[in-house]
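For reference, the chains in residue letters:
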Amino acid sequence: MKKIYFDNAATSFPKPDGVAEAVYDYIKFNGMNIGRGVYEKAFASAEGVYETREALCGLFNFSKPSNVIFTVNVTEALNMVIKGLLRPGDHVIVSSLEHNSVMRPLTQLLKSGVYFDRAPCDSEGNSFGVEELIRDNTKAVIFSHVSNVCGTIAPMEKIGEICKKHGLIFIADCAQSGGSVNVDMERMNIDVLCFTGHKSLLGPQGTGGFIIRDETVPLIEPLISGGTGSVSDLETVPDFLPDRFEAGTLNIAGIYGLKAGLEFIKRIGVDNIHRREMELTKRFLDGVRELGGCRIVGKKGVEGRTPVVSLDMEEDVSETAFRLDREYGIMTRVGMHCAPNAHRALGTFPKGTIRFSFGYFNTEEEIDAAVEALRKITNR
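Residues numbered from 1 in each chain as written. Predicted model: local features only at pLDDT ≥ 70, side-chain atom pairs only at ≥ 80, totals over all residues. Heavy atoms only, no water.

**Looking at the sheet that holds strand 4 (residues 115–119)**
An order of 2-8-7-6-5-3-4 is seen for the seven strands of this open sheet, with the pairing classed as mixed. Each edge of the sheet is formed by a strand with only one pairing partner; in this case those strands are strand 2 (68–71) and strand 4. Ignoring which end each strand starts from, the neighbouring axes of this sheet average 20° apart. Examined bridge by bridge, strand 5 (residues 138–144) and strand 6 (residues 169–173) share five bridges and lie parallel to one another. By the bridge assignment for strand 6, Ile142 is matched with Ile171. Together, strand 2, strand 5, strand 6, strand 7 (192–196) and strand 8 (208–212) form the strand contacts of helix 3 (residues 74–85), whose direction differs from that of strand 7 by roughly 155°. (Pairing = 2+ DSSP bridges. Helix = DSSP H or I, 4+ residues; strand = E, 2+ residues; numbered from the N terminus. Axes fitted to C-alpha atoms, helices over the stretch in contact; angles between N-to-C directions. Contact = heavy atoms within 4.5 Å.)

Shown next, in the form of structure tokens:
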């Protein structure tokens, strides 16, 4: 049975040619750490990592590669930023669709007197009402650019304008958007952009990070500290970037793989990738819309969304996902998607949804196979 992968919102697969090779070549032919030696190969490793920082700056329209901080994933990046920034008495605003990588750190901080409010959203996942929630002690707005449950794109330019107007720090979770839609730190007035490498940036797992503006750096206390290979005569944390936030050995092999993924994105173009993914999404939405027994959660069309589609079904969604895999070879994601309040806001809690998330390498034939499989399962 041919396998069909529709879980690109969890991690993209397959990766472009060159990603696995870049990881292998680094481990096989270099393998040296950076900042730990003066031998030639160590400098070669550092060059590859710096070029990845440059590529990320180019993708997100930012000008300082040294302000690109690598972590193992976007969850670690968000924890470092949230826990390093917020203090007792601070208030933040989040969307109603946030992932637990934002909500669990904030919930932990409730014990120390940090508070949050959720901006409401409508049945399509459109967020509104951010400005009305601002208090005297509001410090930041944290927003997912794209919902990992329904694929709706948040109005980041508008939110960025509100943050700039009120002097608030704007933290963007771009886990689902980077590489799939255009993200512009300048146009969106983003102060801290958190990203992950293994989704639409087409890199391997174990890569991620955040990009931070100079004026925000001193406001964030490093969550993790240790060896950096620089100013090793001091036991204090370096005050310069990226060393201030990058303690210990980086996943250099993974970063080399991420660089190859970014090179593919640059070669194809984000607009072309998005256009292709939306063609596949429209084909799926058009096919599913004709079926009974299932409801498209969020936007019913392709405007203002990404290729993440959740379905609420009369049949048990877990059983449907199991049958899709075992009987038809179609791999999806089912359940809460680590975003329980998003399901509350969209009316699918506690049942959850079955999620189809498409990527650039999927085909029309695979989309048609999924629609046909759902038709057979629902007997429609």
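Don't stop here, the text continues.
**Remarks on the pairing of strand 8**
In terms of burial, strand 8 is largely enclosed, as five of its five residues are buried. Alternating residues of strand 8 divide into Gly208, Phe210 and Ile212 and Gly209 and Ile211, and every residue in both groups is buried. In this structure, strand 2 lies alongside strand 8, joined through four bridges in antiparallel fashion. Looking across to strand 8, one finds that Ile69 is bridged to Phe210. Sheet topology places strand 7 next to strand 8; five bridges connect them, and they run antiparallel. (Buried < 20%, exposed > 50% of the residue type's maximum accessible area, 1.4 Å probe, protein only.)

**Re the side chain of Glu366**
Among the structural elements, Glu366 can be located in helix 10 (residues 364–378). Glu366 gets classed as buried once you look at its relative accessible area, which sits at 10%. In this view, Glu366 contacts Lys2, Ile4, Phe6 and Phe361; residues no more than four positions away in its chain are not counted.

**Some words on unusual backbone geometry**
Most peptide bonds take the trans form, and the phi angle of most residues other than glycine is negative. For the bond from Leu241 to Pro242, the omega torsion is 0°, close enough to zero to count as cis. Assignment of secondary structure puts Pro242 in the loop between strand 8 and helix 6 (252–268). Positive phi is not limited to glycine here, since Val231 has a value of about 35°. Among the structural elements, Val231 can be located in the loop between strand 8 and helix 6. With a relative accessible area of 33%, Val231 lands in the partly exposed category. Positive phi, close to 55°, is recorded for His337, a residue that is not glycine. Take His337: it is sitting in the loop between strand 12 (333–335) and helix 9 (340–346).

**Structural notes on helix 10**
Helix length check: helix 10 (15 residues) gives 21 Å between terminal C-alpha atoms against 21 Å at 1.5 Å per residue, within 8%. Taken residue by residue, helix 10 has Glu366, Ile367, Ala370, Val371, Ala373, Leu374, Ile377 and Thr378 as its buried positions. Summarising the axial view, the buried residues of helix 10 lie within an arc of 160°, below the 170-degree limit, and thus occupy one face. The inward-facing, buried residues of helix 10 abut strand 1 (4–5), helix 7 (270–289), strand 10 (308–313), helix 8 (317–328), strand 11 (330–331) and strand 13 (353–357). (Expected span 1.5 Å × (residues − 1). Arc of directions from axis to C-beta.)

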